[in-house]
Amino acid sequence: MTPEQVGDRLRTLLVEAATERDPDSGSETGSDSGSETATGAGVTVGQSGGQAYARATVDVPVGRWREAVRAARDDTELACDFFDWLSAVDELADGFDVVAHLWSTTRRHGVLLRTRVPRDDATVGTVVDVFPGAAWHERETHEMFGIDFAGHPGLAPLLLPPEFEGHPLRKEFVLASRVAKAWPGAKEPGESEAGTARRQPMRPPGVPAPGEWGVAAAVPVSAAPASGPPARRTAPASGRPARRAAPGSGPPPAPDSEATDDGGDGGGS
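For the structure given in this document, a descriptive report is provided here. (Residues numbered from 1 in each chain as written. Predicted model: local features only at pLDDT ≥ 70, side-chain atom pairs only at ≥ 80, totals over all residues. Heavy atoms only, no water.)

**Digging into the overall build of the protein chain**
Moving on, step 1. A count of helical and extended segments in the protein chain gives five helices and eight strands.
Moving on, step 2. Secondary structure of the protein chain in N-to-C order comes out as α-β-β-β-α-β-β-β-β-α-β-α-α.
Moving on, step 3. In the protein chain, buried positions account for 28% of the 269 residues.
Moving on, step 4. Sequence separation of at least 24 residues holds for 49% of the intrachain contacts in the protein chain that already meet a minimum separation of 6.
Moving on, step 5. Per element, the accessible surface of the protein chain, about 18,300 Å² overall, is 53% carbon and sulfur. (Helix = DSSP H or I, 4+ residues; strand = E, 2+ residues; numbered from the N terminus. Buried < 20%, exposed > 50% of the residue type's maximum accessible area, 1.4 Å probe, protein only. Contact = heavy atoms within 4.5 Å. Areas by Shrake-Rupley, 256 points an atom, 1.4 Å probe, with all protein chains shown as cover.)

**Describing unusual backbone geometry**
Moving on, step 1. Of note, Q51 is a non-glycine position whose phi angle comes to about 55 degrees, a positive value.
Moving on, step 2. Residue position: Q51 is located in the loop between β2 (43-47) and β3 (56-59).
Moving on, step 3. Of note, the phi angle at L92 is positive, near 55 degrees, even though the residue is not glycine.
Moving on, step 4. Within the secondary structure layout, L92 lies in the loop between β4 (82-90) and β5 (96-103).
Moving on, step 5. A residue is classified by how much of its surface remains accessible, and L92, at 46% relative accessible area, is partly exposed.

**Structural notes on the packing of helix α1 (residues 3-21) against helix α2 (residues 65-74)**
Moving on, step 1. Running from N to C, α1 and α2 point in directions that differ by 125 degrees, and their axes come no closer than 10 Å. It follows from the interaxial angle that α1 and α2 lie oblique. Note that α1 runs across α2; the crossing there is right-handed. Of the residues in α2, those touching α1 at L10, L13, L14, A17 and R21 are E67, A68, A71 and A72.
Moving on, step 2. Class assignment for the residues of the contact of α1 with α2 results in seven nonpolar, no polar and two charged. (Axes fitted to C-alpha atoms, helices over the stretch in contact; angles between N-to-C directions. Parallel < 35°, antiparallel > 145°, perpendicular 65-115°, else oblique. Left-handed = near helix turned anticlockwise from the far one by under 90°. Nonpolar A, V, L, I, M, F, W, Y, C, P; charged D, E, K, R; others polar.)

**Here's the deal with the environment of V15**
Moving on, step 1. Within the secondary structure, V15 is located in helix α1.
Moving on, step 2. With 27 residues separating them in the primary sequence, V15 and G42 have C-alpha atoms 8.6 Å apart.

**Side note on the packing of aromatic side chains**
Moving on, step 1. Taken as a whole and assessed by the stated rule, the structure comprises three aromatic pairs.
Moving on, step 2. Judged by centre distance (5.7 Å) and plane angle (40 degrees), the ring pair of F83 and F131 falls under tilted. Here F83 is found in strand β4, whereas its partner F131 is found in the loop between β7 (123-125) and α3 (134-145), with 48 residues between them in sequence. With respect to burial, F83 and F131 carry one shared label: buried. (Phe/Tyr/Trp six-rings, centres within 6.5 Å; stacked < 30°, edge-to-face > 60°.)

**A look at α2**
Moving on, step 1. All of the buried residues in α2 are W65, A68, V69, A71 and A72. Seen along its axis, α2 keeps its buried residues to an arc of 160 degrees; they face one direction.
Moving on, step 2. Packed against the buried residues of α2 are α1, β4, β5, β6 (110-117) and β7. (Arc of directions from axis to C-beta.)

**A look at the pattern of salt bridges**
Moving on, step 1. In this structure the tally under the stated criterion is twelve salt bridges.
Moving on, step 2. Across the salt bridge formed by D97 and R116, the nearest N and O atoms sit 2.7 Å from each other. Placement of the pair is D97 in strand β5 and R116 in strand β6, with a sequence separation of 19 residues.
Moving on, step 3. Given a relative accessible area of 12%, D97 falls into the buried group.
Moving on, step 4. On the basis of relative accessible area, R116 is assigned to the partly exposed category, the value being 39%.
Moving on, step 5. Residues joined by salt bridges that share partners form a network here, namely D90, R119, R170 and E172. (Salt bridge = Lys/Arg side-chain N within 4 Å of Asp/Glu carboxyl O.)

**Side note on the nonpolar core**
Moving on, step 1. Within the largest apolar cluster, 36 residues are counted, with the highest numbers of intra-cluster contacts made by L10, W65, L102 and I147.
Moving on, step 2. With five residues, α2 is the largest single contributor of residues to this core.
Moving on, step 3. Discounting chain neighbours no more than four positions away, the residues touching L102 are V69, A72, C80, F82, F83, H109, G110, V111, L113 and F131. (Core = buried A, V, L, I, M, F, W, Y, C linked by side-chain atoms within 4.5 Å.)

**Topic: α1**
Moving on, step 1. Between its first and last C-alpha, α1 extends 28 Å over 19 residues, near the 27 Å set by a 1.5 Å rise per residue.
Moving on, step 2. Among the residues of α1, V6, G7, L10, R11, L13, L14, V15 and A18 are the ones counted as buried. (Expected span 1.5 Å × (residues − 1).)

**Examining the pairing of β4**
Moving on, step 1. Of the strand pairs in this sheet, β4 and β5 are connected by eight bridges, and their pairing is antiparallel. Looking at the pairing, V89 lines up with D97 of β5.
Moving on, step 2. Two successive antiparallel strands, β4 and β5, enclose a turn made up of five residues, where L92 displays a positive phi of approximately 55 degrees. (Pairing = 2+ DSSP bridges.)

Structure below.
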């Protein structure tokens, strides 16, 4: 099925279910400029981007969220038997969009289901009883956005420590690192006051700076050999090979058969 057919099929199922409950509910069909959508019984059908990878998008009222997920799974034409993922989008004053992606392993098509919850009462019904795999995703969304999933068996912290306060993926959440230390170089788009300055290069933790390790640190500049061909080494009179001097210690002393006394003038008699 094409994305358009998937969206229309799910919308038809939801409209028929609403009509059976309330025969006077009726339905309306319309289109928005620039994109084709169909509305009826509070359901809006559209299509995501991605060209060949586009998905049907179906927006439903929060009260019909569980019904829409179950209809996509149980209908023989849709057969969306695989729960892919669930998350949310912070729309600021408009609330939160809860988004779930379902996939059909037999029909090879998917659908993006969305519902919007108000910011002051961010609650939606859980779908764990429909797809048990949604339990992890709902816990993460609850932790990161502060959205409650009514009926969930346990919305315990999943990724953050128990003493953590706030919901990091809400747009009003302030990043602590920005408060403690300014970002080196340009900030994120819209935050910079000094134009588009280039960010300073930063070394990974534990990596020393150039000059603190390697050849440059092992051999001081003052001890570096002068330019030109290296001097030829000669063996001492004893026949033993000369020992190589450590860098910076100077050449080895020349062998001398006559030792000099301490404090003498170094001359022979």
